[in-house]
Amino acid sequence: SVEADIWLTPEGLLVAHDRRDLKPGRTLQSLYLDPLRARVQANGGRVYPSGPAFYLLVDVKFEAEPTYAALDKVLRQYADILTAFPAGKSEAKAVTIILSGNRAAETIAAQATRYVGIDGRPEDLDRNPPGELYPWISGNWTLLFRWRGEGAMPAAEKQRLADFVQRAHAQHRQVRFWATPENENLWRELTAADADLINTDQLDRLKTFLLSQL
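Residues numbered from 1 in each chain as written. Predicted model: local features only at pLDDT ≥ 70, side-chain atom pairs only at ≥ 80, totals over all residues. Heavy atoms only, no water.

### With respect to the pairing of strand β2 (residues 12-15)
Under the convention used in this document: We treat two strands as partners when DSSP finds at least two bridges between them. The helix and strand labels rest on DSSP assignments: H or I over at least four residues marks a helix, E over at least two residues marks a strand, and numbering proceeds from the N terminus.
Strand direction decides the pairing type here: strand β1 (residues 2-9) and β2, joined by four bridges, are antiparallel. Bridging across to β2, Ile6 finds its partner in Val15. Hairpin geometry of β1 and β2 is characterised by an intervening segment of two residues between the two adjacent antiparallel strands.

Structure, rendered in structure tokens:
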């Protein structure tokens, strides 16, 4: 999984975490979708020749409705590589887009065919929307847990984490937390609880940790 933050601008959908970092030409297409398409074509229809599914998390930083309208038009140009969701079903392809941030949820849900799933929030577990519409549940770690990865994780919080993951999995959703401390203790607890994705900016360090768990 890779995350791209997008802004709607007169130049199109530009990628940057903060508005001040926007630069012409750094579009979602040029930085992500075009390279992914080239990779999929080179690898016989997959991002990794014999590897796992691939997710592109698109985090909308600008207004939800106009940004999604522009994004939807772009994604339809990449239908050959993107998972589609027609009529409440899922047709898996090489890349699955998950939409986060400012999400035009009602507009997305009303589409006959869409090319995104919605990144859900913990409260979505209570209303249990369709799994193919909300395939992920993501939560801010600092709002859900007090433990920051120092010392042993308190038993009550460990149980709360396990319950959260199990509840999401029972609804056929994957689990992700953001704002997580970047340390091996926390990664170890996420792995033990069977969390599906681990957010990190320290890719090499996380890779070393995950390989050590094999």
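### Considerations on helix α2 (residues 64-75)
Our working rule: The length a helix should cover is 1.5 Å for every residue beyond the first. Relative accessible area decides the class of each residue, using a 1.4 Å probe on protein chains only: under 20% of the type maximum gives buried, over 50% gives exposed, and in between gives partly exposed. This arc is taken over the directions from the axis of the helix to the C-beta atoms.
Counted at 1.5 Å a residue, the expected span for α2 with its 12 residues is 16 Å, and the 16 Å between its end C-alpha atoms agrees. Those residues of α2 lying buried are Thr67, Tyr68, Leu71, Asp72, Val74 and Leu75. All buried residues of α2 lie within an arc of 160° about the axis, which places them on one face of the element.

### Quick word on helix α7 (residues 184-192)
Along an α-helix, residues three or four positions apart point the same way, because every turn accommodates 3.6 residues. Quick reminder of the rule: Whether two residues touch is decided by their heavy atoms; if any such pair falls within 4.5 Å, the residues are in contact. Each polar contact in these results corresponds to two N or O atoms within 3.5 Å; when the atoms are within protein, one needs to be able to donate a hydrogen and the other to accept it, and residues that are neighboring in sequence are counted only if both atoms are side-chain atoms.
Turning to α7, its buried residues number three or more, namely Leu186, Trp187, Glu189 and Leu190. When α7 is viewed along its axis, its buried side chains cluster within an angular range of 160° and face the same direction. Those residues of α7 that are buried are in contact with α5 (141-144), α6 (155-170), β9 (174-178) and α8 (203-212). A side-chain oxygen of the first residue of α7 lies 3.2 Å from the backbone nitrogen of Asn185; this N-cap is Asn183.

### So, the sheet that holds strand β7 (residues 117-120)
In plain terms, the rule: The angle between two axes is taken between their N-to-C directions and runs from 0 to 180 degrees, where each axis is a line fitted to C-alpha atoms and a helix contributes only its stretch in contact.
Here seven strands make up an open sheet; going across it, the order is β2-β1-β3-β5-β7-β8-β9 and the pairing mixed. The outermost strands of the open sheet, each flanked by one partner alone, are β2 and β9. For this sheet the average axis-to-axis angle between neighbouring strands, irrespective of direction, equals 35°. Both strand β8 (residues 136-140) and β9 contribute to a ladder of five bridges, which runs parallel. Opposite Ile137, over in β9, you have Val175 as the bridge partner.

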